[in-house]
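Examination of the molecular architecture
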Amino acid sequence: MKLHRGNLTLIFAFALTGWAIAADPSTPAVGADDALARLKAGNERFANSKISAGKPVAARRAETAQEQHPFAIVVGCADSRTAPEIIFDQSIGDLFVIRTAGNLVDDYALGSIEYAVGHLGTRLIVVLGHARCGAVKAALGGDSAPGHVNSLVRDIQPAVTAAKGKDGDALANAIHENDAQVGAKIRKQAQLGEFASQVRIVEGYYDLDTGKVEWTAK
């Protein structure tokens with residue numbers, strides 16, 4: 001079926017209208033400080049509960065089917081053991097999650113952050129590293145790697161260099177430094193416009209053994 005120029009214009013207009021209706025950027029989903037308190041409380045539940053209480057998946061799915069108001073953005077690692085919804089004990093629609101190995105950010109990630117802040121009302125951004133991160137370990141072991149893993153190693157190398165010579169565990173130090181540099185990149189490059197003053201960016205370090213997140217105050 002061929003679409004005439006007039007039809008395409010109409011479709012485009014409807015799409016823009018839908019975007020505008022969905023957006024309510026002037027009303028934060030939750031303030032940044034309250035959002036962080038929710039994450040801390042959720043992680044406390046996760047770390048100390050032997051059995052999960054489960055989530056009201058069907059009800060929450062219906063509630064969020066037409067719109068979303070995530071209260072926090074989490075830039076996390078793709079590691080299978082670090083799903084933010086689980087370690088912060090949250091449900092569908094609560095978190096806007098961006099995950100890559102080494103919790104790095106590129107233009108796609110920055111655009112996603114800008115969208116969540118500007119159109120979903122999210123005001124807290126968490127950069128979440130974790131213990132024994134494989135991507136950081138690879139960067140610590142050398143300045144190159146096969147295939148596209150090399151792009152991860154390349155972008156983590158500045159953190160490895162900055163952490164070199166510090167007291168303590170070399171890998172943990174590099175992970176913390178990588179988190180700090182990713183946070184700094186978001187602060188510098190994310191175009192948050194009029195909402196920038198309302199946004200808080202913090203770094204967290206997830207302990208695989210205890211289940212607890214250690215926070216870096218900002």
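Look up a bit, the structure's there.
Conventions used here
- Residues numbered from 1 in each chain as written.
- Predicted model: local features only at pLDDT ≥ 70, side-chain atom pairs only at ≥ 80, totals over all residues.
- Heavy atoms only, no water.
- Salt bridge = Lys/Arg side-chain N within 4 Å of Asp/Glu carboxyl O.
- Helix = DSSP H or I, 4+ residues; strand = E, 2+ residues; numbered from the N terminus.
- Pairing = 2+ DSSP bridges.
- Axes fitted to C-alpha atoms, helices over the stretch in contact; angles between N-to-C directions.
- Contact = heavy atoms within 4.5 Å.
- Parallel < 35°, antiparallel > 145°, perpendicular 65-115°, else oblique.
- Left-handed = near helix turned anticlockwise from the far one by under 90°.
- Nonpolar A, V, L, I, M, F, W, Y, C, P; charged D, E, K, R; others polar.
- Core = buried A, V, L, I, M, F, W, Y, C linked by side-chain atoms within 4.5 Å.
- Buried < 20%, exposed > 50% of the residue type's maximum accessible area, 1.4 Å probe, protein only.

What follows deals with the pattern of salt bridges. Within this structure, the stated rule accounts for 9 salt bridges. Residues R60 and E63 are paired through a salt bridge, measuring 3.0 Å at the closest nitrogen-oxygen approach. One end of the pair, R60, and the other, E63, are both in helix α3 (residues 57–64), 3 residues apart, so they sit about a helical turn from each other. For D155, the salt bridge goes to R154, with nearest N and O atoms at 3.0 Å.

What follows covers the sheet that holds strand β3 (residues 124–130). Here 5 strands make up an open sheet; going across it, the order is β2-β1-β3-β4-β5 and the pairing mixed. The open sheet terminates on both sides in strands that have one partner only, identified here as β2 (95–99) and β5 (213–216). Strand-to-strand twist in this sheet, taken as the mean axis angle between neighbours without regard to direction, amounts to 25 degrees. With 7 bridges joining them, β3 and strand β4 (residues 200–206) adopt parallel strand pairing. Within the sheet, the bridge partner assigned to L128 lies in β4 and is G204. Packing of helix α5 (residues 107–120) onto the sheet brings it into contact with β1 (72–76), β2 and β3, and relative to β2 it is tilted by some 170 degrees.

On to the packing of helix α7 (residues 149–163) against helix α8 (residues 170–189), then. Two numbers describe how α7 lies on α8: the axes approach to 8 Å, and their chain directions differ by 125 degrees. Classified by the interaxial angle, the pair formed by α7 and α8 is oblique. Along this stretch, α7 crosses α8, giving a crossing that reads as right-handed. Contacts from I156, P158, A159, V160, A162 and A163 of α7 reach α8 at N173, A174, E177, N178 and Q181. Of the residues assigned to the contact of α7 with α8, the class counts are 7 nonpolar, 3 polar and 1 charged.

With that settled, the discussion passes to the nonpolar core. I73, I113, L124 and I186 are the most contacted members of the largest nonpolar core, which has 54 residues in total. Beyond its immediate sequence surroundings of up to four residues, L124 is in contact with A32, A35, L36, L39, F71, A72, I73, R200 and V202.

Another point: the environment of K185. Residue placement: K185 occurs in helix α8. Overall, the relative accessible area of 29% leaves K185 in the partly exposed class. Remark: the alpha-carbon pair of K185 and L104, spanning 81 residues in sequence, is separated by 9.6 Å. Excluding residues that lie within four positions of it along the chain, K185 makes contacts with V105 and A190.

Among the 5 residues of β1, 5 are classified as buried, and the element is accordingly described as predominantly covered. On β1, burial covers both faces: A72, V74 and G76 on one face and I73 and V75 on the other are all buried. By the bridge criterion, 5 bridges tie β1 to β2 in an arrangement that is parallel. Paired with V75 across the two strands is I98, which belongs to β2. Examined bridge by bridge, β1 and β3 share 4 bridges and lie parallel to one another. Following the sheet pairing, V74 is matched in β3 by V126.

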